[in-house]
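Results of the structural survey
This is what each chain is made of:
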Amino acid sequence: MSNTDHHHADALDAAPRAPGFDNSIAFLAQGYEFMPRRYAALDSDLFATRLMLQRVLCVRGEDAGRMFYQPGRFTRRHALPATTMALLQDFGSVMALDGEAHKKRKAMLMSLFSPLERQRLVGLAAAEWRTRFAQWTGNAQVVVHEAAQEVLCRAVCHWAGIPISAEDAQERTREFARMIAGAGSAGPRNWRGHLARARTEQWARALVDAVRAGQVQPAFDSPLNVIARHRGADGELMHRKHAGVELINLLRPTVAVARYIVFGLLALHDHPESRARIAAGDDAYTTWFMQEVRRYYPFIPAMGGRALHAFDWRGMHVKKGTWVLFDLYGTNHHPAIWGDPEVFRPERFDRRQSSGFDFVPHGGGDHYSGHRCPGEFVTGDLVKSALQLFAGEIAYDVPPQDLTVGMRRIPALPASGFVIKNVKQRHPRESGDPC
């Protein structure tokens, strides 16, 4: 026992307590707003409650981010509902590893996202978008979210070295879409996600087996080949199940970027004055705009961890095994960090230096040593490219539709999926004109 136990109260007892014996139903009902409402009511950046009958410490803010993302302090195992974990990351993935095993696997995944490789993936996605733009000209209307998911699925499979036909691409897109849509829910949407997960895992494992047997021969440095042939800290080939999981963990999150692209187009629609600067190729402004999209709109609400060992924080004692939820959405909307968090203002990112713990749409801390998402940079690149293409290369109308972003459904999306019509391609020189 640490000698600090005698001086500091258990964090779960010392933190302000949210009313109610168990708040699971309230969490499902309120979604992204569950934690922010309770910080406001308790006038605190942390509170204790019960979810699924288990005690949990909910925290937000830069200081909480530093605490939560200190390498080696938390494990992701048993820190999210099993139904969510299986659809978002899965057991055996890099997110569920700790120590040397995590370090070696993370280094392998980070190696796949070099600047050149990111550029290659963005180029493949841009080519897919341009093919779509040509097809959409004269079409009645297009649901952009559906189209974006397939554009990204085709691009990321091509990039990864996965042979895929047009028919396969549609099926894979459907399966990934179900997994993403089901991750934050209970009931039928979640069950459909699990069925899709099982089918996709069989497909991914079969691909890994085919590479190892020499039946499929992707490029040596392609993600498919690198993952299929990766050896762990023990020097052994990664288990085929885990190799399949990591392959899915490259593909599915890339398809999920479709949501950020749709949020970006919604922001362009709501702030048409931004369009000309993006269309004109103002790269700095487009970067601010993309970052503000990632800050402002709801994506992943929180990340969970279990304390690997006891430690003290803010005068409280966090015991080994304590369940902590770090509120990503609440930190990205923290009034002390952002001033006017409910205002969409890209200029806030002009010369802003992030500590790595204040702006956390993909988690906090260091990408290499910690659990911050390895795909964060390529997400930004894909969103920026799509915004530039939509602002600069086509004109379109946004017909009346339900663009409400419900805060209850996780992950969130505008209700209509963002519908456009009367798409016209235009010469790049016209691109400064508003649509």
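As the structure is a computational prediction, the values presented were derived from the model and not from experiment. (Residues numbered from 1 in each chain as written. Predicted model: local features only at pLDDT ≥ 70, side-chain atom pairs only at ≥ 80, totals over all residues. Heavy atoms only, no water.)

**Topic: the overall build of the chain**
We count it as follows: Helix numbering and strand numbering both begin at the N terminus, where a helix is a DSSP run of H or I of at least 4 residues and a strand a DSSP run of E of at least 2. Between two residues, a contact is recorded if the distance between any of their heavy atoms is within 4.5 Å. The protein chains shown are the only cover counted for residues, whose accessible areas, like all others here, come from Shrake-Rupley with a 1.4 Å probe.
Secondary structure summary: the chain contains 17 helices and 10 strands in total. Counted over contacts in the chain with a minimum sequence separation of 6, partners at least 24 positions apart contribute 72%. With an accessible surface of roughly 18500 Å², the chain has 54% of that area assigned to carbon and sulfur atoms.

**Quick word on the sheet that holds strand β3 (residues 74-75)**
Sheet strands associate in pairs through backbone hydrogen bonding, adopting either a parallel or an antiparallel arrangement. Which entries qualify depends on this criterion: Any two strands are treated as partners once DSSP identifies two or more bridges connecting them. Think of each axis as a best-fit line through the C-alpha atoms, taken over the contacting stretch in the case of a helix, with angles from 0 to 180 degrees between the N-to-C directions.
Spatially, β1-β2-β8-β5-β3 is the arrangement adopted by the five strands of the open sheet, whose pairing is mixed. Unpaired on one side and paired on the other, β1 (46-51) and β3 mark the two borders of the sheet. For β3 and strand β5 (residues 302-307), the ladder comprises two bridges, and the chain directions are antiparallel. Paired with phenylalanine 74 across the strands is alanine 307, a residue of β5. Contacting β1, β2 (54-59), β5 and β8 (323-327), helix α3 (residues 34-42) crosses the sheet at an angle of about 130 degrees to β1.

**Things to note about helix α12 (residues 240-270)**
Our working definition: Multiplying one less than the number of residues by 1.5 Å gives the expected span of a helix. Per-residue accessibility, obtained with a 1.4 Å probe over protein chains only, is compared with the maximum for each type, and a residue is labelled buried under 20%, exposed over 50%, and partly exposed between these values.
Here α12 is 31 residues long and its end C-alpha atoms lie 46 Å apart, about the 45 Å a rise of 1.5 Å per residue gives. Across the 31 residues of α12, 25 count as buried, placing the element largely inside the fold.

**Some words on the confidence of the model for the chain**
The test is simple: Confidence scores per residue from the predictor, reported as pLDDT, run from 0 to 100.
Averaged over the chain, the pLDDT score is 88; the fraction of residues at 70 or greater is 88%. Taken element by element, the predicted model of the chain shows its lowest mean pLDDT in helix α5 (residues 82-88) (50) and its highest in helix α14 (residues 283-296) (98). Note on residues 1-6: pLDDT under 50 across the span, and five contacts to partners over four residues away in sequence or across chains. Throughout residues 429-435 the model reports pLDDT below 50, and contacts reaching past four residues in sequence, or to other chains, amount to 15 contacts.

**Overview of the packing of helix α8 (residues 144-160) against α12**
What counts here: Handedness of a helix crossing follows the sense of rotation of the near helix relative to the far helix, less than a right angle counterclockwise being left-handed and clockwise being right-handed. Residue polarity follows a fixed list, in which Ala, Val, Leu, Ile, Met, Phe, Trp, Tyr, Cys and Pro are nonpolar, Asp, Glu, Lys and Arg are charged, and the others, Gly among them, are polar.
It is at 8 Å that the axes of α8 and α12 come closest, and there the two elements cross at 145 degrees. For the crossing formed where α8 meets α12, the hand is right-handed. Taking contact as the criterion, the partners of Val144, His145, Ala148, Gln149, Leu152, Cys153, Val156, Cys157, Trp159 and Ala160 in α8 are, on α12, Leu250, Leu251, Thr254, Val255, Val257, Ala258, Arg259, Ile261, Val262 and Leu265. Of the residues that constitute the contact of α8 with α12, the class distribution is 16 nonpolar, three polar and one charged.

**Let's talk about the packing of aromatic side chains**
Stated formally: By convention, a stacked pair of Phe, Tyr or Trp rings (six-membered ring in the case of Trp) has centres within 6.5 Å and planes under 30 degrees apart, an edge-to-face pair has planes over 60 apart, and any other such pair is tilted. Counting as a charge over the ring demands two things of the Lys NZ or Arg CZ atom: a distance within 6 Å of the ring centre and an angle within 35 degrees of the ring normal.
Evaluated as defined, the whole model comprises 28 aromatic pairs. Put simply, the rings of Phe263, Tyr285, Trp288, Phe289, Tyr296, Tyr297 and Phe344 pair up and form one aromatic cluster. Looking at arginine 73, its charged tip hangs above the ring of phenylalanine 311, at a distance of 3.9 Å from the centre.

**Here's the deal with the pairing of β8**
Counting buried positions along β8 yields five of five residues, so the element is predominantly enclosed. Residues of β8 alternate between two faces, with Trp323, Leu325 and Asp327 on one and Val324 and Phe326 on the opposite face, all of them buried. Sheet topology note: the β2/β8 ladder contains three bridges and is parallel. Of the residues in β8, the one forming a bridge with valine 59 is phenylalanine 326.

**Details of the nonpolar core**
To keep things clear, this is the line we draw: Nonpolar cores were defined as sets of buried Ala, Val, Leu, Ile, Met, Phe, Trp, Tyr and Cys residues, with membership established by side-chain atoms within 4.5 Å.
Among the nonpolar cores identified, the biggest contains 103 residues, and Trp129 and Phe390 are the most heavily contacted of them. The biggest single contributor to this core is α12, with 17 residues. When sequence neighbours within four positions are dropped, the list of residues in contact with phenylalanine 390 reads Trp129, Phe133, Trp136, Val144, Leu265, Arg275, Tyr396 and Ile420. Core analysis: the second largest hydrophobic core is formed by 24 residues, Ala11, Phe68, Leu328 and Phe357 among them.

**Brief notes about the pairing of β2**
By the bridge criterion, six bridges tie β1 to β2 in an arrangement that is antiparallel. Paired with threonine 49 across the strands is valine 56, a residue of β2. The antiparallel pairing of β1 with β2 creates a hairpin that spans two residues between the two strands, and methionine 52 there sits at a positive phi of about 50 degrees.

**Digging into the packing of helix α10 (residues 188-212) against α12**
Rules: Under this scheme an angle from 65 to 115 degrees is roughly perpendicular, one under 35 degrees roughly parallel, and one over 145 degrees roughly antiparallel; angles in between are oblique.
Interhelical geometry of α10 versus α12 gives an angle of 115 degrees and a closest axis separation of 8 Å. The pairing of α10 with α12 is recorded here as roughly perpendicular in orientation. Of the two possible hands of crossing, α10 and α12 adopt the one that is right-handed. Touching Arg197, Thr200, Glu201, Trp203, Ala204, Arg205, Leu207, Val208, Asp209 and Arg212 of α10 are Arg240, Lys241, Ala243, Gly244, Val245, Leu247, Ile248, Leu251 and Arg252, all from α12. Grouping the amino acids of the contact of α10 with α12 by side-chain chemistry returns nine nonpolar, two polar and eight charged.

**Let's talk about unusual backbone geometry**
Along the chain, isoleucine 410 connects to proline 411 via a cis peptide bond; the corresponding omega equals -5 degrees. Along the chain, proline 411 turns up in the loop between β9 (394-397) and β10 (419-425). With phi around 50 degrees, aspartate 43 is a residue other than glycine that occupies positive phi space. With respect to the element layout, aspartate 43 can be found in the loop between α3 and β1.

**Details of the pattern of salt bridges**
Defined as follows: Here, a salt bridge means any side-chain nitrogen of Lys or Arg that lies within 4 Å of a carboxyl oxygen of Asp or Glu.
Per the stated rule, a full pass over the model turns up 25 salt bridges. For lysine 319, the salt bridge is made with aspartate 10, and the minimal N-O distance between the two is 3.7 Å. Of this pair, lysine 319 sits in the loop between β7 (316-318) and β8 while aspartate 10 sits in the segment before α1 (11-14), and the two are 309 residues apart along the sequence. What makes lysine 319 partly exposed here is its relative accessible area of 44%. Given the relative accessible area of 14%, aspartate 10 is considered buried.

**Some remarks on the side chain of histidine 317**
Quick reminder of the rule: We define a polar contact as two N or O atoms separated by no more than 3.5 Å, with the added condition that, inside protein, one atom must be a possible hydrogen donor and the other a possible acceptor, whereas residues neighbouring each other in sequence contribute only through side-chain atom pairs.
Along the chain, the position of histidine 317 falls in strand β7. With relative accessibility at 4%, the residue histidine 317 sits in the buried group. Here the side chain of histidine 317 touches aspartate 312 through a polar contact of 2.7 Å, side chain to side chain.

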